[in-house]
Amino acid sequence: MGKKYLAAKSQVESKAYPVSEAMQLVKKTAFAKFDETVDLAVQLGVDPKHSDQMVRGSVLLPHGTGKTVRVAVFAKGDKDKEAREAGADIVGSEDLVEKITKGWLEFDRVIATPDLMGMVGKLGKILGPRGLMPNPKSGTVTFDLARAIREVRQGRVEFKVEKAGLVHVRVGKVSFEPQKLAENATAVLETIIKAKPSTSKGVYLKSITVSSTMGPAVKIDAPSIAKAFA
């Protein structure tokens, strides 16, 4: 560990903080020369090996992510035109499938109309592991392309529980005001709580931490969050 990281970590107590205080501390302990991303890590009391305990969804962050999002859209005909007019970075169908198959991946989000999902499904092995596969639950499989593109640009983020029961979500940049980071994080946590599977027993929100790209993790008071949205 570097001296800067250790110095930053020394400012963080082992206790769990309220969301607003945690965000102030994340900003205070960020030391990189670039505008670091702020990430939320939530440990859930679920076993994602069981399909009925899978937790996934999306949330429109009140203050966006601070990142410029490149959007690829699978559409044809009038929907192709709609996507282009809505500001998609690239729009296509068979040609886009071929381009991605050959290794082109210069995009951050993928949206598709339902009628083309059979075609997009062929890219599962490429898009799936990267978290880019369109999904109806996240609003990225839809005929309302203008709305989907607008929300992705504004800061709609997707989340999906990983093997260890963890959910990672970007909630902004270190340059954001603490209150805006707190409001983004709260929106994510509320959505995750609402997505709790009925088969999940015991403690659902086991732990919550927030950190900047290079900075130390700061614990958030999970019980108080769970109580607030119970």
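Look up: the structure comes first, before these words.
Below: a short report on this structure.

### Things to note about the sheet that holds strand β4 (residues 90-92)
Thought 1: Pairing in this open sheet of 3 strands is parallel, and the strands run β4-β3-β5 from one edge to the other. Bordering the open sheet on either side are β4 and β5 (109-112), each of which pairs with just one other strand. Sheet twist, expressed as the mean angle between neighbouring strand axes with direction ignored, is 20 degrees.

### A look at helix α2 (residues 19-29)
Owing to its 3.6 residues per turn, the α-helix brings residues three or four apart onto one side.
Thought 1: Every buried residue of α2 is listed here: Val 19, Ala 22, Met 23, Leu 25, Val 26 and Thr 29. Across the axial projection of α2, the buried residues extend over an arc of 160 degrees, all falling on one side.
Thought 2: Where α2 is buried, its residues touch α1 (3-9), β1 (37-44), α8 (178-194), β8 (205-212), β9 (218-220) and α9 (222-228).

### A word on the pairing of strand β3 (residues 71-74)
Thought 1: On β3, burial covers both faces: Val 71 and Val 73 on one face and Ala 72 and Phe 74 on the other are all buried.
Thought 2: Judged from the 4 bridges that link them, β3 and β5 form a sheet pairing that is parallel. Note on β5: the bridge partner recorded for Val 73 is Ile 111.
Thought 3: Viewed along the sheet, the connection from β3 through helix α3 (residues 77-85) into β4 turns out right-handed.

### Considerations on the packing of aromatic side chains
Thought 1: The full count for this structure, using the stated rule, is 1 aromatic pair.
Thought 2: An angle of 50 degrees between the planes, with centres 5.4 Å apart, marks the rings of Trp 104 and Phe 107 as tilted. The burial state of Trp 104 is the same as that of Phe 107; both residues are buried.
Thought 3: It is Lys 99 that lies over the ring of Trp 104; its NZ or CZ is 4.4 Å from the centre.

What counts, and at which threshold
- Residues numbered from 1 in each chain as written.
- Predicted model: local features only at pLDDT ≥ 70, side-chain atom pairs only at ≥ 80, totals over all residues.
- Heavy atoms only, no water.
- Pairing = 2+ DSSP bridges.
- Helix = DSSP H or I, 4+ residues; strand = E, 2+ residues; numbered from the N terminus.
- Axes fitted to C-alpha atoms, helices over the stretch in contact; angles between N-to-C directions.
- Buried < 20%, exposed > 50% of the residue type's maximum accessible area, 1.4 Å probe, protein only.
- Arc of directions from axis to C-beta.
- Contact = heavy atoms within 4.5 Å.
- Right-handed = clockwise from strand over helix to strand, strands pointing away.
- Phe/Tyr/Trp six-rings, centres within 6.5 Å; stacked < 30°, edge-to-face > 60°.
- Lys NZ or Arg CZ within 6 Å of the ring centre and 35° of its normal.

These values are about where atoms sit, not about what they do.
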